[in-house]
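Next come the chains, spelled out residue by residue.
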Amino acid sequence: MRITNVRIPRKNMLSKVVGLGADGSLEVKGNPKIVYATMMLVRKAICSVWPKMYASAITIASRYSLFRKQFKNEAGQEQPIIDYQTQQNKLIPLLAEYYAITVTGHRIDKLTDTNFGRMMKKNDDSLMAETHACLSFGKSYFSDVVQRGIEICRLSCGGHGYSQYSGLPAIVVEYAPNITHEGENTVMYLQVSRYILKCFNNVVVKKQGVLQKSVRYLESFEYLTKKKCTVTDPENWTIEEVRLLLAQTTCSILHTINQRYAANKDKSKKAQNNEDLGMLLVDLAISHSIYNTYYAFEQAIVKFPDEIIKRILFDMCLIYGIGNILQRPYPLITIEAVQPEQINSLLERKQLLLKKLRPHLMGLVDSCAVPDAALKSAISTGDGVYEVTLT
């Protein structure tokens, strides 16, 4: 808002946190961190509100894949493209990812509100660092995966996805600014990794203070960097085993970073961070984000009342976790937590999960509750792709 040639009496200005003196000097009242707390609200929206656009893209692509038929099976009948494993591998992990980040976004939302309430009512900023770190990983990681996922949805619809009448190009363009809005994502990741390193050095190494929820897995750092996974049968991968592997991934990268620091003591940590360790620090933050997202999803499912739906959601949680391990297995291999045959076992389990979740796909998609009017798409209805686009 811009006001020109308007005089406002100082007593009528919004001056709870920042005031203006009679001589025009700026006066900060109370804890100055409260000003930053208000800036957190936009990042909170990116974490908890904007992912709904991901649901729109997944709904369009999934419905299209159900009604679009291509190529004949052995019985001579054209198959819906969703029956192909490659199409399932594009869309089902994205749906699981949406569920996971939605649950995590709500947790970050509550944490932000709690922090803001403590700041305003009690001048208590004890949750500020944890809130900042969670908002930073949520903003950067969620916007990265949502933007990538929306593009996968567009590509999964072939030429139709490229056309404006699919509704997907508009979603791609509208969501894209979130990558740099309220902080460029690489910078956000580096802030998260700095928080992890600080918590590790203060609490785990120096035994000072306590670890907040998002970094509490660091209490088991020694155990996690030495534990060897024993699962070999694809059917035996449990929620707990996959969670441990995700925590081990983060701890392995952290272990490598600490080794690099120790090996280059003649060079400052700041110089190493800028010149030598930037990629590892970003990887550390991404792994931390994935672990927290997986764990939040798992915790939410545990509280779910319906046992049948709970089993389906646990399968969704597993496919989210396993998919991320398969994308970045190098930290686990570095500390010999897993062997190559176990990576193959995880891949087999993912393939089994795709088959298992296929019958539930549309029910899970419709549970996202995106109204047809909000989709603005001609390829996401049951009236037939060509019939709608030609009328």
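Right above here is the structure, for reference.
This text gives an overview of the structure that appears in the document. Note that the structure is a prediction, hence the values are computed from the model and not measured.

Quick look at helix H2 (residues 52-67)
Here comes step 1: For H2, which comprises 16 residues, the first-to-last C-alpha distance of 23 Å matches the rise-based estimate of 22 Å (1.5 Å per residue) to within 8%.
Here comes step 2: Among the 16 residues that make up H2, 13 are buried, leaving the element largely enclosed by the rest of the structure.

Some thoughts on the nonpolar core
Here comes step 1: Leu95, Tyr99, Leu218 and Ile257 are the most contacted members of the largest nonpolar core, which has 107 residues in total.
Here comes step 2: The element that contributes the greatest number of residues to this core is helix H3 (residues 85-122), accounting for 12 residues.
Here comes step 3: For Leu95, the residues in contact, after removing those within four places along its chain, are Ile58, Met316, Leu361, Leu364, Val365 and Cys368.

Quick look at the packing of aromatic side chains
Here comes step 1: Counted by the stated rule, this structure contains 7 aromatic pairs.
Here comes step 2: With a centroid separation of 6.0 Å and 55° between ring planes, the pair formed by Tyr141 and Phe142 is classed as tilted. The two residues Tyr141 and Phe142 agree in class, both being buried.
Here comes step 3: Judged by centre distance (6.0 Å) and plane angle (10°), the rings of Tyr291 and Tyr295 are stacked. On the criterion of helical spacing, the pair formed by Tyr291 and Tyr295 is a turn pair, its members being 4 residues apart in helix H11 (residues 278-302).
Here comes step 4: Assessed through its relative accessible area of 30%, Tyr295 is described here as partly exposed.

Regarding a positive patch on the surface
Here comes step 1: Positive charge collects at one region of the surface, where Arg107, Lys110, Lys213, Arg216 and Lys303 lie side by side.
Here comes step 2: Inspection of the secondary structure assignment puts Lys303 in the loop between H11 and helix H12 (307-327).

Focus: the packing of H2 against helix H6 (residues 168-175)
Here comes step 1: Packing of H2 against H6 brings their axes to within 10 Å, and their N-to-C directions diverge by 160°. The pairing of H2 with H6 is recorded here as roughly antiparallel in orientation. The crossing of H2 and H6 is left-handed. In this structure, H2 contributes Met53, Ser56, Ala57 and Ile60 to the contact, and H6 contributes Leu168, Ile171, Glu174 and Tyr175.
Here comes step 2: A class-by-class count of the residues in the contact of H2 with H6 yields 6 nonpolar, 1 polar and 1 charged.

Brief notes about the state of the cysteines
Here comes step 1: A full pass over the atoms with the stated rule returns 0 disulfides.
Here comes step 2: This cysteine, Cys153, is not joined by any disulfide, and Cys157 carries the nearest cysteine sulfur, 7.2 Å off.
Here comes step 3: Judged by its relative accessible area of 0%, Cys153 is buried.

What counts, and at which threshold
Residues numbered from 1 in each chain as written. Predicted model: local features only at pLDDT ≥ 70, side-chain atom pairs only at ≥ 80, totals over all residues. Heavy atoms only, no water. Helix = DSSP H or I, 4+ residues; strand = E, 2+ residues; numbered from the N terminus. Expected span 1.5 Å × (residues − 1). Buried < 20%, exposed > 50% of the residue type's maximum accessible area, 1.4 Å probe, protein only. Core = buried A, V, L, I, M, F, W, Y, C linked by side-chain atoms within 4.5 Å. Contact = heavy atoms within 4.5 Å. Phe/Tyr/Trp six-rings, centres within 6.5 Å; stacked < 30°, edge-to-face > 60°. Patch = residues over 30% accessible without salt bridge, like charges linked within 9 Å, V, L, I, M, F, W, Y side chains within 5 Å. Areas by Shrake-Rupley, 256 points an atom, 1.4 Å probe, with all protein chains shown as cover. Salt bridge = Lys/Arg side-chain N within 4 Å of Asp/Glu carboxyl O. Lys, Arg positive; Asp, Glu negative; His and termini not counted. Charge placed at Lys NZ, Arg CZ, Asp CG, Glu CD. Axes fitted to C-alpha atoms, helices over the stretch in contact; angles between N-to-C directions. Parallel < 35°, antiparallel > 145°, perpendicular 65-115°, else oblique. Left-handed = near helix turned anticlockwise from the far one by under 90°. Nonpolar A, V, L, I, M, F, W, Y, C, P; charged D, E, K, R; others polar. Disulfide = S-S within 2.5 Å.

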